[in-house]
Amino acid sequence: MWLVLCTSRDTSALWASQGLKARGLEPLECVSAEMLAQSQRWEHRIDAQGATIDITLADGRHIRNDAIQGVLNRLVCMPFEPLRLAHPADREYASQELTAFCLSWLYALPLPVINRATPQGLAGQWRHRSEWLGLAACAGLSTPLYRKTSEDASDERDGQGRFVPSDTPVQTVFVVADQVVGATLLPHIRHGCRRLAELSHTALLGIEFAASSVDPWTFAGATPLPDLQLGGEALLDALASALRGQQELQP
Amino acid sequence: MILLCGIPSETPLAMVRAQLDNLDIPYVVFNQRRFAAMTMAFELSAGQVTGRLQVEGRSYRLEEFGGVYTRLMDDQRLPELCDAPADAPQRRACRALHDTLIHWCELAPARVVNRTAAMASNGSKPYQTQLIRAHGFAVPETLITNDPDLVRAFHQQHRRVIYKSISGVRSIVHTLEGEDFERLDRIRWCPTQFQAFVEGTNVRVHTIGTRVFATAIHTQATDYRYAQRQGGEASLHAMELPDELAERCLKLAQALGLAFAGIDLKLTPDKHAYCFEVNPSPAFSYYEAHTGQPIAHAVACYLAGTLG
C-alpha cells in the first residue's frame, strides 16, 4: 500500500493522491492529520531489529510499516483534540510529547518517504531564509543580498518563504530525487537545483526563482512543502517513479 | 577571538571562560542579561557572511570570531523581562537580538559549540534512538503506546521497565511499579514511552572535537542525576573506553553534527554498549568536578582551534 499523509485542507496533496492512483499506485490510502489525531491505538517499537509502527485509526484501518511501499508525507502538525482538555500546566508538556512522538513514528516509516520527517519539520526541514540563501549560494545559484539586524522586528513568522514581495512573478521548479521538473532551465541552474536539494537533504523540494537586475534566474525561496499542482503531470510522473523506489532519494 | 554566549555565572560557561583566561585566548561575552547593551547585524552576499556585534559600546567584526560557545537560556525567561508584558518592546528587542545571533551561528564558518539545528535531534528521544541504533550501538527495547494492555505485556516480558518522557521536557527516568499500574489507563490520552531496564554501569562520555572523556557512574538509583531524590547516591570515576567504542562515540557525535556531546551509555556485564541518548548541550561541570577530567580545557582549546 502507498500512503499519503496530509491535513484535510491540503488540496495539493489530495490532488496528488488522485494523480498517483491514476498512475497505478494502488492501493493508496490518503490519511489526514485529523484522522491520525483520533487514532484508537498507537504502537511504536524500537529494538535491535529496527523501528516499527502499528496505528489503528478510528475507522478500524491499520497503518503498519510492513504493509507500506511508499509515503508522500505532507504532515506539518497533528491536531490532538484531547490537548484542549489538558490542565494548562500540562498542555505545553503534552504538546511537546506528542510532537516528539510524531517525529519518531514518521521517521520509522519505511522508505521511500517524500519527505522524511526531521526535527525541524515533520514533512522535511524548515529553514530560516538566511539558511536557504546560504545553501543556495553553496549550490551555485544566483542569490540576492540578505541583511539581518537586531534592530529588525523578530521574523519568526516571515523567516521562511520568499525573498521577493508576494506580488513578484516567480517560476517554481521542483526537485524530486534527481529529477528537475517545472521549467526549462539552463544546465547550470538545473545542476544548482539538484545540488540544493542534495545539500538540504530534501527528497522533494520546491524552489522559486525571480528575475533580478543581475540574473533572470535569481533564487527567491525554497520549501519542502510546495504547491504540488504547480508541477502538473510531470511532477506526478516524477513522484510516482520515486514512490515506486525507482529513484534514489535524499535521506 | 572566541564568543561566549549565555549567563556568565552559569557554571559550564564560567569554567570555559576561566580556561580561556588561563590560555590567554581573547574572548567576548554575549551576556544575555545585558541584552539591552548589545546590537548585532550580519549580511550574506554570494554565500559570504560578514557583520558586527556591539557589546557595551565596543564593536567587533563577526569574521573575527573563530569559535562560539553557546549556553543560551530561553531569552523570554530572563529575569530582566519577568515583569515585562508579552508584547513589551524590550521583550521584542531581546528576541530580535537572539534571533540574529542564532541565525548567524547557523551560517558562520566558525567552530560553533553547538549549532541549533544539530541540537534538535534530542527533542525526540525515540527519534534519536533510531539514529543511535543506525550507528552501531545497542539500544534498549522501547515501546511507545496508548494501550495499557501492551504495557502490561511489555512489563511481563521484561520484568523491569522504566518510563520517561519522549521529548526533552521533564526528562526524569522512573521505574514502572506499584501505583503506576493503577493509573496506567491515563496513557490512553497521550502515548507514553516505556523501556526495558538494562543492567550495567552508567557511563557518560563527553566528546569534544577528537577528544573523549568517559566517566563511570555507580549508583542504585534509576536515574543517577536524581540519585538523592530517588533515595540513593552516585559515585563518579574517570575511566578509559576501549578504542573501538571511543571511536564509535566520536563518529556518532560527528554524524549528529555535534562538536561537543554528552553521550549516555550503559556497559553491560556481557560487554555490550547500550546508548540511551546524546545530550547536545552537556552540563559537563558535574562530571569534571567529580573526576578532575579537563573537559572545560578541551572545550576552550577546541574553540581556539588548538585541540589537535
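Residues numbered from 1 in each chain as written. Chains lettered and ligands numbered in written order. Predicted model: local features only at pLDDT ≥ 70, side-chain atom pairs only at ≥ 80, totals over all residues.

Enquirer: Tell me about the overall build of chain B, residues and numbers included.
Expert: When helices and strands are counted, chain B shows 9 helices and 16 strands. Over its C-alpha atoms chain B spans a radius of gyration of 21 Å, differing by no more than 12% from the 19 Å that the globule rule assigns to 308 residues. For the C-alpha atoms alone, the extent of chain B along its principal axes is close to 65 × 50 × 40 Å. With 308 residues in all, chain B has 41% of them scored as buried. A sequence separation of at least 24 residues applies to 63% of the contacts in chain B between residues at least 6 apart. (Helix = DSSP H or I, 4+ residues; strand = E, 2+ residues; numbered from the N terminus. Rg over C-alpha atoms; globule rule 2.2 N^0.38 Å. Buried ≥ 20, exposed ≤ 12 C-beta atoms within 10 Å, placed from the backbone. Contact = placed C-beta atoms within 7 Å.)

Enquirer: Please set out the packing of helix 4 (residues 129-138) of chain A against helix 2 (residues 89-107) of chain B residue by residue, giving values where relevant.
Expert: Running from N to C, helix 4 of chain A and helix 2 of chain B cross one another at 20°; their axes reach a closest spacing of 9 Å. Looking at the two axes, helix 4 of chain A sits roughly parallel to helix 2 of chain B. With respect to the hand of their crossing, helix 4 of chain A and helix 2 of chain B are arranged in right-handed fashion. Contact residues: helix 4 of chain A offers S130, E131 and G134 of chain A, while helix 2 of chain B offers H103, E106 and L107 of chain B. (Axes fitted to C-alpha atoms, helices over the stretch in contact; angles between N-to-C directions. Parallel < 35°, antiparallel > 145°, perpendicular 65-115°, else oblique. Left-handed = near helix turned anticlockwise from the far one by under 90°.)

Enquirer: An account of the domain arrangement of chain B is needed here, citing residue identities and associated values.
Expert: When the domains of chain B are assigned, the result is domain 1 (2-113), domain 2 (119-137 + 200-304) and domain 3 (142-196). Contacts between the two partners involve 9 residues from domain 2 of chain B, matched on the other side by 11 residues from domain 3 of chain B. (Domains from an automatic or database assignment.)

Enquirer: Give me the interface of chain A and chain B: which residues, what numbers.
Expert: Across the boundary between the two partners, chain A contributes 41 residues, which contact 45 residues of chain B. For the side of chain A that touches chain B, the secondary-structure elements that each account for two or more residues are strand 3 (41-47), helix 3 (88-107), helix 4 and strand 8 (146-149) of chain A. Among the elements that line the side of chain A that touches chain B, the one with the most residues is helix 3 of chain A, at 10 residues. In this structure, strand 8 of chain A lies alongside strand 3 (residues 38-45) of chain B, joined through 4 bridges in antiparallel fashion. Note that in strand 3 of chain B the partner of T149 of chain A across the bridge is A41 of chain B. (Pairing = 2+ DSSP bridges.)

Enquirer: Tell me about the sheet that holds strand 6 (residues 67-70) of chain B, and name the residues and values.
Expert: Residues and elements named next belong to chain B. Strand order across the open sheet formed by 4 strands is 2-1-6-7, with parallel pairing between neighbours. Edge positions in the sheet fall to strand 2 (27-31) and strand 7 (111-113), since each of these pairs with one other strand and no more. In this sheet, neighbouring strand axes are inclined to one another by 15° on average, regardless of whether the strands run parallel or antiparallel. As judged from the 4 bridges shared by strand 1 (residues 2-6) and strand 6, these two strands associate in the parallel manner. Its bridge partner being in strand 6, I2 is matched across the sheet by G67. The strands that helix 1 (residues 11-23) touches are strand 1, strand 2 and strand 6; relative to strand 1, the one it contacts most, it runs at about 160°.

Enquirer: Just give me the short version of the sheet that holds strand 6 (residues 70-73) of chain A, but keep the residues and values in it.
Expert: All names here are of chain A. Pairing is parallel across the open sheet formed by 4 strands, whose spatial order is 2-1-6-7. Each edge of the sheet is formed by a strand with only one pairing partner; in this case those strands are strand 2 (28-32) and strand 7 (113-114). Where strand 6 lies against strand 7, 2 bridges are found, and the strand directions are parallel. Each residue of the ladder has a partner; that of L72, found in strand 7, is I114.

Enquirer: Any chance you could break down helix 4 (residues 125-134) of chain B for me, citing the residues and the numbers?
Expert: Here helix 4 of chain B has its buried residues at K125, P126, Y127, Q128, T129 and I132 of chain B. Positive phi shows up at G136 of chain B, right after helix 4 of chain B, with a value of about 85°.

Enquirer: Quick one: what's the story with the packing of helix 1 of chain B against helix 9 (residues 295-304) of chain B, residue by residue and with numbers?
Expert: All names here are of chain B. For the pair helix 1 and helix 9, the least separation of the axes is 8 Å and the interaxial angle reads 65°. Looking at the two axes, helix 1 sits roughly perpendicular to helix 9. Once helix 1 is placed against helix 9, the crossing between them reads as right-handed. Between helix 1 and helix 9, the contacting residues are M15, V16, Q19, L20 and L23 on the first element and A296, H297, V299, A300 and A304 on the second. Residues of the contact of helix 1 with helix 9, tallied by class, amount to 8 nonpolar, 2 polar and no charged. (Nonpolar A, V, L, I, M, F, W, Y, C, P; charged D, E, K, R; others polar.)

Enquirer: An account of the confidence of the model for chain B is requested, with residue identities and associated values reported.
Expert: On average, residues of chain B carry a pLDDT of 94, and 96% of them reach 70 or more. For this predicted complex, the interface confidence comes out at an ipTM of 0.92, alongside a pTM of 0.92. (pLDDT = per-residue confidence, 0-100.)

Enquirer: Can you explain the environment of P224 of chain A? Please cite residues and give values.
Expert: All names here are of chain A. Tracing the backbone shows P224 in the loop between strand 12 (218-223) and helix 6 (232-243). On the basis of neighbour count, P224 is assigned to the buried category, with 27 C-beta atoms found within 10 Å. With 17 residues separating them in the primary sequence, P224 and I207 have C-alpha atoms 8.9 Å apart. Setting aside its immediate chain neighbours within four residues, P224 contacts N115, G121, A123, G124, Q125, T202, L204 and L205.

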